[in-house]
Amino acid sequence: MSTALDPAIAQALAQSDSSAVPFRMRTNHVQTTWAKTFSWMPELYIQPESLEEIEHLVNLARKCRRRVTTVGCGHSPSAITCTSSWLVNLDNYNKILASDHTTGIVTMQSGIRLYQLSAELEKLGLAMPNLGSINHQSIAGAISTGTHGSSLQHGLLSEDILSLRITLADGTTKKCSRGENTELFRASLISLGALGIITEITFKAVPAYTLKWKQIIDKDVKMFNRWSGDLWTHAHYVRVWWYPYTRRAVVWSASETNEAVQDPKTSWYDGSLGYYIYHNLLYVAQYIPRILPWVEWFVFGSQYGFADGTTTGAVQSSAKALLMNCLYSQFVNEWAIPLSKGPEALRRLSSWLNHLTPEDPDYVPHNIPFSAEGLYVHAPVEVRVSDTSNPELDSVKSNTRPYLDITSHDEPTLYLNATLYRPYHADPPCRQRYYEAFEWLMRDLGGKPHWAKNFEADGMQIERMYGSSLQQWRKVREEADPDGMFVGPWHRRFVLGLSPRLPFEEVELSQRPKWSGGLRYLGITPSQIKGPNDA
Ligand SMILES: Cc1cc2nc3c(=O)[nH]c(=O)nc-3n(C[C@H](O)[C@H](O)[C@H](O)COP(=O)(O)OP(=O)(O)OC[C@H]3O[C@@H](n4cnc5c(N)ncnc54)[C@H](O)[C@@H]3O)c2cc1C
């Protein structure tokens, strides 16, 4: 595809009555996901710096009949942000607009990254009430896919959002909140980028806090035995990493403290030595997968301790303590299931992966209709929780749940994340069979996939999972964007159903493997199709 500016765009620009408003675009930009799972070259890459510029670019896109995709920092490893049309990034639209340290209410431009927001909050003596494993995401990107942390005292990260503004396909910006344009608010809280460009977010922070955390590695059966006791409630934040072959688990927990900050002790394995040892062992396992159980024992023993019961800990600010080093390129397939199904899910997965027989004390019938013969996978399975079932929660009381909320409504939610690393950007050979079986099991337990991640569940399955909520989301989406300016093949495949193709909707032409790993995406919008007489 040509990278010169399409004459139709040049003409629309020249004729624009807002010619005083900058249109900060460039061609020849190559975008990748953080995990390098996809790369693509949009027709234009646009980085606006004001609301006026955002509205202007949407008006231009409408004139040129182009699809518009907003990308945060590309941390979603799926093709959700791939486009060959216009790609908008709000990294330069990231200021705090208003703040009140007594109420904790902060209004910000939506391109702000979570680490920038945390730094700004710290200056005000405030903090985010909850965080996921990283803080690189833009706030708009994080909420748009339903990002969560791990605590039964919290729901999704979006639960603390009081209102937002979103620029719609007609170029106007609308405010929505619990009390104003409520349906737009519920649809925008998990928008999948398909409603418009979220431009401003008002959010309630909490007073800054310090966390005392500890992590214990032990036999997984101890974790299972504690599951319906105090495993998830003994601290404010709790997360678990489960190791299928060694049948061990790390339980990480953290609660508020007034103690002085004390960073964790470092071992020989921390830092770049451990990083490269693990990376290279995973690379060897690409060719000799049967070493993976040993790799699991060696790497996580070195990291957390070989002896059961080994404990480490520290005292850190919340913005540091809640984060973790996610290492390198990876596929992540994460599902939400009811919390009570957790032990069954992990035990069935263990029986399947470890080929357990009834003589084994950990055996349960797995009923997974795929063979695990000769299959070896990476560890860990990340095990996290949230709770949006509490009737005291504001979002439950006011029924402002996102329509596409993946959490359980009747009980707390468990997230199981099957991570597969991509050593030196190579796809692991177990991926297809492991994920096929994992997704089958998750569906069998009433699960829903995390919107940002690498799932294969099809549109019909998604439709059954969401029922009328998906219909409501589609209705709001259609009103906000009747021509499909904000949708492409990812949305068609998973959430748009069988409705007729929309006038601006992008379709996929190809996804081709690159020599350096990952897939190169190519798509087209109807207005980009050239006739024989076009320049
Ligand atoms: C290493 C790593 C760790 C992670 N940890 C967690 C975790 O702990 N918990 C969890 O739940 N998830 C986690 N994720 C997933 C991550 O939070 C999501 O993928 C999130 O959406 C990424 O934000 P982003 O800013 O990169 O958005 P992108 O991935 O760039 O975009 C995501 C979606 O948001 C839309 N979007 C972005 N900006 C806007 C905007 N201004 N207006 C409208 N739509 C917009 C995009 O169009 C797209 O649909 C992790 C991902 C990685 C790579």
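A quick note: this is a predicted structure, and the numbers were derived from the prediction, not measured.

Looking at this structure, how should I read the overall build of the protein chain?
When you go through the protein chain residue by residue, the secondary structure sums to 15 helices and 23 strands. With the C-alpha coordinates of the protein chain rotated into their principal frame, the extents come out at 75 × 55 × 45 Å. Within the span of the protein chain, comprising 535 residues, buried residues form 45% of the whole. Put simply, 72% of the contacts in the protein chain that link residues at least 6 apart link residues at least 24 apart.

What is the right way to read the UniProt feature "domain: FAD-binding PCMH-type" (unreviewed entry) in the protein chain from this model?
What UniProt calls "domain: FAD-binding PCMH-type" (unreviewed entry) maps, in this numbering, to residues 38-208. The straight-line gap between the two end C-alpha atoms of residues 38-208 is 37 Å; of that span, 22% is helix and 28% is strand.

What's the story with the environment of Ala-314 in this structure? I'm lost.
Of note, Ala-314 is situated in strand β17 (residues 311-317). Note on Ala-314: 17 C-beta atoms within 10 Å, which makes it partly exposed. Beyond its immediate sequence surroundings of up to four residues, Ala-314 is in contact with Trp-213, Gln-262, Asp-263 and Pro-264.

Whenever I open this one, the sheet that holds strand β8 (residues 105-109) confuses me. Can you help?
If you trace the 5 strands from one edge of the open sheet to the other, you get β7-β8-β12-β10-β11, paired in antiparallel fashion. Looking at which strands have only one partner, the edges of the open sheet turn out to be β7 (96-100) and β11 (173-177). Direction aside, the axes of adjacent strands within the sheet are offset by 15 degrees on average. Strand direction decides the pairing type here: strand β10 (residues 161-167) and strand β12 (residues 197-204), joined by 6 bridges, are antiparallel. Within the sheet, the bridge partner assigned to Arg-165 lies in β12 and is Glu-200. Across the sheet, helix α2 (residues 51-64) touches β10, β11 and β12, and the angle it forms with β12 is around 145 degrees.

Is there a simple way to think about unusual backbone geometry in this case?
Excluding glycine, most residues fall at negative phi; most peptide bonds, likewise, are trans. Cis peptide bonds are those with omega within 30 degrees of zero, and the linkage from Ala-379 to Pro-380 qualifies with -5 degrees. Relative to the assigned elements, Pro-380 resides in the loop between α10 (342-353) and β19 (381-386). Phi at Asn-28 is positive, roughly 65 degrees, even though this residue is not glycine. We note that Lys-36 has phi near 60 degrees; this positive angle belongs to a residue other than glycine. Checked against the element boundaries, Lys-36 lands in the loop between β2 (31-32) and β3 (38-40).

How do you make sense of the packing of helix α1 (residues 7-15) against α2 when you look at a structure like this?
If you want to describe how two helices pack, look at the angle between their axes and the distance between the axes. The interhelical angle for the contact between α1 and α2, taken along N-to-C directions, is 130 degrees, at an axis separation of 10 Å. Here α1 lies oblique to α2, going by the angle between them. Where α1 crosses over α2, the handedness of that crossing is right-handed. Note on element contacts: α2 touches α1 through Leu-60, Lys-63 and Cys-64, opposite Ala-8, Ile-9, Ala-12 and Leu-13. Across the contact of α1 with α2, the residue classes tally to 6 nonpolar, no polar and 1 charged.

Please explain the site of the ligand as it appears in this structure.
Within the structure, the ligand sits among 32 residues, and Gly-72, Gly-132, Gly-141, Ser-144 and Gly-193 are positioned closest to it. Elements supplying a minimum of two residues to the shell around the ligand: β5 (68-71), α4 (139-144) and β12. At 4 residues, the largest contribution of residues to the shell around the ligand is made by α4. For the shell around the ligand, the per-class residue count stands at 13 nonpolar, 19 polar and no charged.

Basis of the calculations
Residues numbered from 1 in each chain as written. Predicted model: local features only at pLDDT ≥ 70, side-chain atom pairs only at ≥ 80, totals over all residues. Helix = DSSP H or I, 4+ residues; strand = E, 2+ residues; numbered from the N terminus. Buried ≥ 20, exposed ≤ 12 C-beta atoms within 10 Å, placed from the backbone. Contact = placed C-beta atoms within 7 Å. UniProt positions renumbered as here; feature names shortened; annotations may be inferred. Pairing = 2+ DSSP bridges. Axes fitted to C-alpha atoms, helices over the stretch in contact; angles between N-to-C directions. Parallel < 35°, antiparallel > 145°, perpendicular 65-115°, else oblique. Left-handed = near helix turned anticlockwise from the far one by under 90°. Nonpolar A, V, L, I, M, F, W, Y, C, P; charged D, E, K, R; others polar. Near = placed C-beta within 6 Å.

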